[in-house]
Amino acid sequence: METRSQQRGFTLLELTVVVLIMGLLLGSLMVPLSAQRENARVREAREQLDTVRDAIEGFALVNGFLPCPATPSSNGSAAGVAGGCSAQHGFVPSTTLNLNGRRNDDNLLLDPWGSPLRYSVSDSDANGNGSWDFVTAGEMRDITVSGLQPDLLVCSSSTGASASACGSPNNTLTDGVPMVLHSLGSDWSGFSSPDQLENVGATTSGAGAYPVNADDVFVTRQFNDAPGDEFDDLVTWMPPNVLYGRLVAAGHLIVAPPAGGNGNGNGGGNNGNGNGNGGGNNGNGNGNGGGNNGNGGGSGNAGTGTGNGNGNGNGNGAGNGNGNGG
């Protein structure tokens, strides 16, 4: 009797189990790959922000002031106006800074997620002359280090924050900086957390509608992807002491005004001595001016004539001496 060998295949249930296992394996691989790509973008964004900050510092070392932010209509250039900037909160002036990178239709430099990098400057006017101190030529030097008052703040939370102060000293990371750079991160097109909303309170329009900051307060903290508490903004700034030190070394800034100026006045001189020619004796005169002892040569008439002597002081001003010949 002939025995037929039987071949057994996979049942539908077994195929389903195999497919499920393969799906789980592939899924476990895809999550780390996605996370790695996102981590790479974060590193790239941080490096990009550092490069921009260095370029802004270099601009300040050459010119003695910070560049203004770009606007959607400025074609990537610093949008300055008389006494300040056309906008306090805008975008990196990549054309002015000669920076390379991907740009959008408004020629704004983009971060790794395709959103323009934001840039803000202090609009403080410490001497009250109507010009922004940090973006106007000569202003920082005139005001000096001791008088500058940068007004941008960075907080660790938006809780209790006003338009010009963090909610508490414990939330204050820095209480006054001249410039802030930031990226809105991967969720730039939509977010709801109060801390991220603090960084974008206004909107400016160009080829698109761009959210930008509306006041002097920024927030930065650890990454969080929990809905409603999400935070992935990348924020950096230039500490004022770093900027001041570079500008002092470059000769664009002085630490404090001189202790006292030189002035001209009457009555500061000592007596000037006049010599009378002729039969008279030497005459003594009083010197006017800020100088020290002034010695003048007087010409006197014979007898009881009057001699006039002009003496130059050692300090400021010239002393005049009138001598009466004896």
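Just so it is clear, the structure is predicted and the values come from calculations on it, not from any experiment.

Some thoughts on the confidence of the model for the protein
Phase 1: The share of residues in the protein with pLDDT of 70 or more is 74%, and the mean pLDDT across the chain is 82.
Phase 2: The model gives residues 262–326 a pLDDT under 50, and that stretch makes 149 contacts with residues more than four places away or in other chains.

Remarks on the layout of surface pockets
Phase 1: Within this model, the largest pocket holds a volume of roughly 280 Å³.
Phase 2: As for the largest pocket, its lining consists of 16 residues, of which Val 42, Phe 223, Phe 231, Asp 232 and Leu 234 are closest to the centre.
Phase 3: Listing elements by their share of the lining of the largest pocket, those giving two or more residues are helix H1 (12–63) and strand E11 (234–237).
Phase 4: Per-element accounting of the lining of the largest pocket gives the leading share, four residues, to H1.
Phase 5: Classifying every residue of the lining of the largest pocket gives six nonpolar, five polar and five charged.

Quick look at the state of the cysteines
The bond known as a disulfide is covalent and runs between the sulfur atoms of two cysteines.
Phase 1: Tallied over the entire structure, the rule returns two disulfides.
Phase 2: Two residues, Cys 68 and Cys 85, share a disulfide whose sulfurs are 2.0 Å apart. Given an S-S torsion of about -80°, the disulfide between Cys 68 and Cys 85 has left-handed geometry. Of this pair, Cys 68 sits in the loop between H1 and strand E1 (80–81) while Cys 85 sits in strand E2 (residues 84–85), placing them 17 residues apart in sequence. Exposure class is identical for Cys 68 and Cys 85. Each is buried.
Phase 3: The partner cysteine of Cys 155 in its disulfide is Cys 166, sulfur to sulfur 1.9 Å. Disulfide Cys 155 to Cys 166: torsion about the S-S bond roughly -85°, handedness left-handed.

Some details on the packing of aromatic side chains
Phase 1: According to the stated counting rule, one finds two aromatic pairs in the structure shown.
Phase 2: Ring centres of Phe 59 and Phe 65 lie 5.7 Å apart, and the angle between their planes is 80°; this geometry places the pair in the edge-to-face category.
Phase 3: Plain terms: the ring middles of Phe 91 and Tyr 210 are 5.3 Å apart, the flat faces sit at 70° to each other, and that makes the pair edge-to-face. Taken together, the positions of Phe 91 in strand E3 (residues 89–91) and Tyr 210 in strand E9 (residues 209–212) put the pair 119 residues apart, joining distant regions of the chain. Taken individually, Phe 91 and Tyr 210 each receive the classification buried, so the pair is uniform in this respect.

Topic: the sheet that holds strand E10 (residues 217–219)
Phase 1: An order of E6-E5-E10 is seen for the three strands of this open sheet, with the pairing classed as mixed. The sheet is open, and its two borders are formed by strand E6 (172–177) and E10, each paired with just one other strand. Each strand of the sheet is rotated relative to its neighbour by a mean of 20°, with strand direction disregarded.
Phase 2: Alignment of strand E5 (residues 152–155) against E10, held across three bridges, turns out to be parallel. Note that in E10 the partner of Leu 153 across the bridge is Val 217.

Cut-offs applied
- Residues numbered from 1 in each chain as written.
- Predicted model: local features only at pLDDT ≥ 70, side-chain atom pairs only at ≥ 80, totals over all residues.
- Heavy atoms only, no water.
- pLDDT = per-residue confidence, 0-100.
- Contact = heavy atoms within 4.5 Å.
- 1 Å grid on protein atoms, 1.4 Å probe; cavity = no way out; pocket = protein on both sides within 12 Å on 5 of 7 lines; lining within 4 Å.
- Points joined across faces, edges and corners; volume = space filled by probe spheres on them.
- Helix = DSSP H or I, 4+ residues; strand = E, 2+ residues; numbered from the N terminus.
- Nonpolar A, V, L, I, M, F, W, Y, C, P; charged D, E, K, R; others polar.
- Disulfide = S-S within 2.5 Å.
- Buried < 20%, exposed > 50% of the residue type's maximum accessible area, 1.4 Å probe, protein only.
- Phe/Tyr/Trp six-rings, centres within 6.5 Å; stacked < 30°, edge-to-face > 60°.
- Pairing = 2+ DSSP bridges.
- Axes fitted to C-alpha atoms, helices over the stretch in contact; angles between N-to-C directions.

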